[in-house]
Amino acid sequence: MESAEVSRLKVIIVGAGIAGFSAAISCRRAGHDVQIYERSALNNELGAAIHVCPNASRGLLAWGLDPVRARFVICKKSYRAHAASLEKFHTSDESYVTSTFGAPWFFAHRVDLHEELKILATQTEGQGKPAVVHLKSEVSEYEPEAGRVTLTDGTTVSGDLIIAADGVHTKAVEAILGAANPALPTTNYNFAYRFLISSKDIASDPETVQFTEEDDGTIKFFIGKDNRLVSYPCRNNEEHNFVAIFHSDENVVHEDWQTSVDKSVLINRYSDFHPAVLAVLKKANDIKQWPLLFRAPIPTWHKGKLVLIGDAAHPMLPHQGQGGGQAIEDSVVLGIALTNCTPGDLESRLQLFEEVRKNRASVMQIFSNAGQDEAEKIHKDAAKFIPAETVPKTPEDFYKFNFGYDVVRDSKQAMERLNPGWELPSTFFEKEPEAGVYP
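1. Description of the overall build of the protein chain
Of regular secondary structure, the protein chain possesses 14 helices and 22 strands. Whereas a compact globule of 439 residues would reach a radius of gyration of roughly 22 Å, the protein chain reaches 21 Å, a difference of no more than 12%. Principal-axis analysis of the C-alpha atoms places the extent of the protein chain at approximately 65 × 45 × 45 Å. Out of the 439 residues in the protein chain, the part that is buried amounts to 56%. In the protein chain, the share of contacts with a sequence separation of at least 24, taken over all contacts with a separation of at least 6, comes to 75%. Of the roughly 17800 Å² that the protein chain leaves accessible, carbon and sulfur atoms contribute 50%. Across the protein chain, the centroid of the 45 positively charged side chains sits 1 Å from that of the 59 negatively charged ones.

So this is what it looks like as structure tokens:
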């Protein structure tokens, strides 16, 4: 216990979202004092559903996350169909995922995942000192070398390490790079609508009941000419999440996830889809529009005592379902890198973190610019980060690359190279994580 006290860092996390709470779990389990500063009051959490894929779920389950309490749904099947005819052109039984990749591919409501992470970060039970959350505390300035942030009320907070987990609009990128990382319009799909529909509403209508038949854990892709629709269940199959992705000539240069859209706009935009799908879409309410803007991979994620994680480091479009998963991977690596870390070790540990994470997350940013059935669109750019022959070509190839990566093994190997004889403390995980496929 004495060595843990000697090496305890004061860690300031900015942002209490998926990235922030995941980092808090990891850092508390690494033995550090964690303070979280969140701009909101956390009393009106919003959002639709999210994928928690095996590359992320392995670590979460090992930390003690309870998927039953969180009402996660395990992905069992997928299919892709032409939107106008509903003719299926790709089907897959995904029941092999858990045994092949070491953990399930979950569908989760974002609010439920967030609540589980908050519990693990702040509960008194479990390894380490509970993280403390400061609400209505918005950061207006980062000082990387000083390890200091300034809040909008003028208060300054200092720590041994500042973790910027405050999303795509963070000021931390400019503090590290000296310039902002601009949002760029995408040339293909550039907008999405997001909404949930109750499974009960769909199943109780004879015109739409077929949409829920044999639907437990099924993700569906309906592919149109310039638009596509993705749907999957969450919350014990009680709700269906929809992401409607399309191209528009509207010019938007700033991400905004909360713009409401009238149902008639959705129906008009998808009028070329099969009537059976349109009948389901007519049940949509509370539709939010999301501009899909691309931010390129950045050259470095840290400076001084400041490090970026999650969307602050590598914002992604939705096509791979890996945005949350990559934030969780970041957090696992960062926590492992910070085990038995003193302030004097910090720079070498942040360098290790970046070495493990930057190429992996950067290629995921590139992958996320296209659907898994459109691999030709990302091949050239992806080959800048991984060997061209390893760039996936099919949905199954993407699963192998995305899901098979063992972030714990990769991190442990990196730490062993840095410090021969280093061992991961047995208390970092609640139970031994299952193994992935590579490295």
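2. Details of helix H10 (residues 323-337)
When the terminal C-alpha atoms of H10 are compared, their 21 Å separation across 15 residues agrees well with the 21 Å that a helix rising 1.5 Å per residue should span. For H10, the buried fraction is high: 14 of the 15 residues fall into the buried class.

3. Some remarks on the packing of helix H11 (residues 346-367) against helix H14 (residues 407-418)
Two numbers describe how H11 lies on H14: the axes approach to 10 Å, and their chain directions differ by 140°. Regarding the angle of H11 to H14, the classification is oblique. The handedness of the crossing between H11 and H14 is right-handed. Packed against H11, whose contacting residues are Ser348, Arg349, Leu352 and Val356, the element H14 presents Asp410, Ser411, Ala414, Met415 and Leu418 at the interface. Across the contact of H11 with H14, the residue classes tally to five nonpolar, two polar and two charged.

4. Description of the sheet that holds strand E18 (residues 259-261)
As summarised here, the arrangement of the eight strands in space is E6-E5-E15-E16-E17-E14-E19-E18, forming an open sheet in which the pairing is mixed. One side of each edge strand has no neighbouring strand; the edge strands of this open sheet are strand E6 (88-93) and E18. Pairs of neighbouring strands in the sheet enclose a mean axial angle of 20°, with direction left out of account. Looking at chain direction, strand E14 (residues 191-198) and strand E17 (residues 239-246) are connected through eight bridges and run antiparallel.

5. Some points on the side chain of serine 231
Here serine 231 is to be found in strand E16 (residues 227-234). In this structure serine 231 touches Phe211, Thr218, Ile219, Lys220, His240, Asn241 and Phe242, once residues within four positions along its chain are discounted.

6. With respect to the nonpolar core
Ile13, Leu113, Tyr142, Ile163 and Leu308 are the most contacted members of the largest nonpolar core, which has 82 residues in total. For isoleucine 13, the residues in contact, after removing those within four places along its chain, are Gly20, Ala23, Ala24, Val34, Gln35, Ile36, Tyr37, Ile163 and Ala165. Grouped together as the second largest cluster of nonpolar side chains are 25 residues, Phe211, Val261, Val277 and Ala284 included.

7. Describing the environment of alanine 370
By the secondary structure assignment, alanine 370 is in the loop between H11 and helix H12 (379-382). Considered as a pair, alanine 370 and alanine 203 are 167 residues apart in the sequence and their alpha carbons are 32 Å apart. Those residues in contact with alanine 370 that sit more than four places away from it in its chain are His319, Gln320, Lys377 and Ile378.

8. Structural notes on unusual backbone geometry
Of note, the amide linkage connecting tyrosine 438 to proline 439 takes the cis form, showing an omega dihedral of 5°. Its place among the elements puts proline 439 in the segment after H14. Here the phi dihedral of lysine 136 falls at roughly 50°; this positive angle occurs in a residue that is not glycine. With respect to the helices, strands and loops of the structure, lysine 136 is situated in the loop between strand E8 (132-134) and strand E9 (139-143). Judged by relative accessible area, which is 68%, lysine 136 ranks as exposed. Although it is not a glycine, aspartate 286 sits at a positive phi angle of roughly 55°. With respect to the helices and strands, the residue aspartate 286 is situated in the loop between helix H9 (275-281) and strand E19 (287-291).

9. Some words on the side chain of arginine 235
Structurally, the position occupied by arginine 235 is in the loop between E16 and E17. The class for arginine 235 is buried, based on a relative accessible area of 16%. With residues up to four places along the chain from it excluded, the contact list for arginine 235 reads Arg71, Val73, His109, Val111 and Asp112.

10. Some words on the sheet that holds strand E2 (residues 33-37)
Ordered in space as E8-E2-E1-E12-E22-E21, the six strands form an open sheet in which the pairing is mixed. Among the strands making up the open sheet, the edge pair consists of E8 and strand E21 (302-303). Relative to strand E22 (residues 306-308), strand E12 (residues 161-164) runs parallel, the two sharing three bridges. Bridge pairing in E22 links isoleucine 163 to valine 307. On the sheet, helix H2 (residues 18-29) packs against strand E1 (10-14), E2, E8 and E12 and is oriented at approximately 170° with respect to E2.

Definitions and limits used
- Residues numbered from 1 in each chain as written.
- Predicted model: local features only at pLDDT ≥ 70, side-chain atom pairs only at ≥ 80, totals over all residues.
- Heavy atoms only, no water.
- Helix = DSSP H or I, 4+ residues; strand = E, 2+ residues; numbered from the N terminus.
- Rg over C-alpha atoms; globule rule 2.2 N^0.38 Å.
- Buried < 20%, exposed > 50% of the residue type's maximum accessible area, 1.4 Å probe, protein only.
- Contact = heavy atoms within 4.5 Å.
- Areas by Shrake-Rupley, 256 points an atom, 1.4 Å probe, with all protein chains shown as cover.
- Lys, Arg positive; Asp, Glu negative; His and termini not counted.
- Charge placed at Lys NZ, Arg CZ, Asp CG, Glu CD.
- Expected span 1.5 Å × (residues − 1).
- Axes fitted to C-alpha atoms, helices over the stretch in contact; angles between N-to-C directions.
- Parallel < 35°, antiparallel > 145°, perpendicular 65-115°, else oblique.
- Left-handed = near helix turned anticlockwise from the far one by under 90°.
- Nonpolar A, V, L, I, M, F, W, Y, C, P; charged D, E, K, R; others polar.
- Pairing = 2+ DSSP bridges.
- Core = buried A, V, L, I, M, F, W, Y, C linked by side-chain atoms within 4.5 Å.

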